[in-house]
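Each chain is listed here by its residues.
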Amino acid sequence: MQPLCDPAQDRVVKQVPLPPHRPLDNDLMFPAKNQGKPDWKLIKEHLEREGRIAKKEVIKLVTMANKIFKNEGSLIHLSDPLTVVGDIHGQFYDFLKILDVGGNPELQKYVFLGDYVDRGPFSIEVLILLYSLKINYPRTIYMLRGNHECRQLTSFFNFMDECKYKYDQELYDVFMDSFDNLPLACIINNQFIALHGGISPELRNVADINLVERYREPPKNGLFCDILWADPVDNDDGICEGQFRINEVRGCSYFYGMEAVSRFLERNKLISVIRAHEAQLEGYKMHRWDGGQDFPMVITIFSAPNYCDVYNNKGAVIKFKNNDLNIQQYNYSQHPYLLPNFMDIFTWSIPFVAEKVTEVLFHIIQPRDGEPIDEIVDEDDIAKFKELVGDQQHKNKDVFLKSKIKFVFRMMQIQKGLRQQSESLVQTKGACPDNRIPKTLLDSIKDSNGAFQTAKMADSINEKRPGISQ
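The name given to the protein in an unreviewed UniProt entry is Serine/threonine-protein phosphatase, with the source organism recorded as Paramecium sonneborni. Quoted verbatim from the Sequence similarities (unreviewed entry) field of the UniProt record, the comment on the protein reads "Belongs to the PPP phosphatase family. PP-2B subfamily." Per its UniProt entry, the protein bears the Cofactor (unreviewed entry) comment "Fe(3+)".

1. Some details on unusual backbone geometry
The phi torsion of most residues other than glycine is negative, and most of the peptide bonds are trans. Along the chain, D80 connects to P81 via a cis peptide bond; the corresponding omega equals 5°. Considering the arrangement of structural elements, one finds P81 in the loop between strand 1 (75-78) and strand 2 (82-85). With a phi angle near 60°, D115 is a residue other than glycine that sits in the positive phi range. Summarising the element assignment, D115 is placed in the loop between strand 3 (109-112) and helix 5 (123-136). The class of D115 is buried, set by a relative accessible area of 2%. Within the chain, S253 stands out as a residue other than glycine whose phi angle is a positive 60°. When you line up the elements, S253 lands in the loop between strand 8 (244-246) and strand 9 (254-256).

2. Topic: the UniProt feature "domain: Serine/threonine specific protein phosphatases" (unreviewed entry) in the protein
Under the local residue numbering, the UniProt record ascribes the feature "domain: Serine/threonine specific protein phosphatases" (unreviewed entry) to residues 144-149. Counting secondary structure, residues 144-149 comes out at 0% helix and 0% strand; the distance between its end C-alpha atoms is 10 Å.

3. As for the packing of aromatic side chains
Scanning the model with the defined rule gives 19 aromatic pairs in all. Chaining the aromatic ring pairs together yields one cluster made of F69, Y131, F159, Y172, F175 and F179. Sitting over the face of the ring of F30, K60 holds its NZ or CZ atom 4.0 Å from the ring centroid. It is K134 that lies over the ring of Y142; its NZ or CZ is 4.4 Å from the centre.

4. Quick notes on the sheet that holds strand 1
Spatially, six strands are ordered 1-5-6-10-12-11 in an open sheet, and the strand pairing comes out mixed. Pairing within the sheet leaves two strands with one partner each, and these edge strands are strand 1 and strand 11 (284-287). Strand-to-strand twist across the sheet, computed as the mean angle between neighbouring axes with direction ignored, equals 20°. Of the strand pairs in this sheet, strand 11 and strand 12 (residues 298-301) are connected by four bridges, and their pairing is antiparallel.

5. Topic: the environment of N235
Topologically, N235 is positioned in the loop between strand 7 (231-232) and strand 8. Each C-alpha atom, one on N235 and one on W289, is 8.4 Å from the other, the two residues being 54 residues apart in sequence. Here the side chain of N235 touches G238 through a polar contact of 2.6 Å, landing on its backbone nitrogen. At 3.1 Å, the side chain of N235 and the backbone oxygen of I239 are in polar contact.

6. Observations regarding the side chain of D459
On the secondary structure map, D459 appears in the segment after helix 15 (452-458). Using a relative accessible area of 2% as the deciding quantity, one classes D459 as buried.

7. Points about the nonpolar core
Core analysis: the largest hydrophobic core is formed by 52 residues, its most contacted members being F95, F112, Y116, F159 and F175. When residues of this core are traced back to their parent elements, those giving at least two are helix 2 (40-48), helix 3 (55-70), helix 4 (92-102), strand 3, helix 5, strand 4 (141-143), helix 7 (159-166) and helix 8 (169-179). For this core, the element with the highest residue contribution is helix 5, accounting for nine residues. Contacts of F159, omitting those with residues within four sequence positions, involve V117, D118, S123, I124, L127, T154, Y172, F175, M176 and F179. Within the second largest apolar cluster, 37 residues are counted, among which are I199, C252, Y256 and M297.

8. Structural notes on the environment of E149
Mapping E149 onto the fold places it in the loop between strand 4 and helix 6 (151-156). Taking the C-alpha atoms as reference, E149 lies 7.1 Å from V117; in sequence the two are 32 residues apart. Once you skip the residues sitting within four places of it in the chain, E149 turns out to touch G114, D115, Y116, V117, F179 and L182. Separated by 2.9 Å, the side chain of E149 and the backbone nitrogen of G146 make a polar contact.

About the criteria used
Residues numbered from 1 in each chain as written. Predicted model: local features only at pLDDT ≥ 70, side-chain atom pairs only at ≥ 80, totals over all residues. Heavy atoms only, no water. UniProt positions renumbered as here; feature names shortened; annotations may be inferred. Helix = DSSP H or I, 4+ residues; strand = E, 2+ residues; numbered from the N terminus. Buried < 20%, exposed > 50% of the residue type's maximum accessible area, 1.4 Å probe, protein only. Phe/Tyr/Trp six-rings, centres within 6.5 Å; stacked < 30°, edge-to-face > 60°. Lys NZ or Arg CZ within 6 Å of the ring centre and 35° of its normal. Pairing = 2+ DSSP bridges. Axes fitted to C-alpha atoms, helices over the stretch in contact; angles between N-to-C directions. Polar contact = N/O pair within 3.5 Å; in protein donor to acceptor, adjacent residues only side chain to side chain. Core = buried A, V, L, I, M, F, W, Y, C linked by side-chain atoms within 4.5 Å. Contact = heavy atoms within 4.5 Å.

Shown next as structure tokens:
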């Protein structure tokens, strides 16, 4: 595919190739030599260059993948070697890094723990490549469901907006129906359970997961909800008031501690729980609650580096081989810039245009050289100006002109302030759903330059399940 031209040579991220000038052809995407399967390598290259895929081809991919998902149980059994991947959250260019770090998908088995969409601006690209890989390697690429693979969160955050911006409502609905087919958990080497959120008071035996009615929107409570939403307690000793306590951070599900996990692992003859769901500074966290144990009871893996472009965290994956577990970390990759919330260029440019118009007007009527602006008129100049505007005779033309100059100068200062405020909002808006920008997030990120703990604390409002009172 021929790329677009760049005669000005002014692309900001020059290492990102120029985008193709039209969508990938069906014959190239599904070549005859692949027996109807998508050419995932060509798709990967096309998407990496910011190329688009036509809607009918995307629907074809989803339809093919759905047939595979429906034939998989809610609980999958896998063996190593394999790579475990945590949250991706629409960070397509970091997803490409994951495939480099985690191993060639042609040779390496993968299990993805959910949260492929929302927050980042390239969720559709992530899904297209993931579905292409799943169709080509149905027995080595596995996708589990995360809490963001549902209608409630994707309409609250930005995936629905992304679908409407790049395609339409119909494609969004197609993806939502597809998410209902995703499995919920897997057992690795008969020793580890991997899922998105965590365990549940209703989960006594791992076989109970197969009894969950998964082909639907996740409920607000119960086993299905807990698998996607539960969190381990955030302390060093793993102590939890009772085995489980209400998760006030999420607004649903539970926190679970050492006692609940220990009993669950012992009952099911497992070593550890591997889960995603929470951003981590190093990309992972070993929950070593029992000092007498060499292996952590819970491992959190998070694969979206520099989450929301502000967290400044690393990403990580887990690689299993010969029953050994290794963590591999990586830093974020640069990506093409998109305006937050898929804002159009006209809306984005209004504050800049308004500032420049008033600036030009001021320079046209500015005072004599060397005469300070603040000495042209008294403090009540704006009131005088409004009064003089109504004087058709303009008897006091000198005061009228000076008042007009001061008025335009004040307007120029206001427009500059509005433009600067708009720039600050644009820089942080992409991290917040539904155009909501908590003032604490704006101030803290500005003051701390994106420090992980500060950003995570400020962003905690967005961790709560939508519809729950704040």
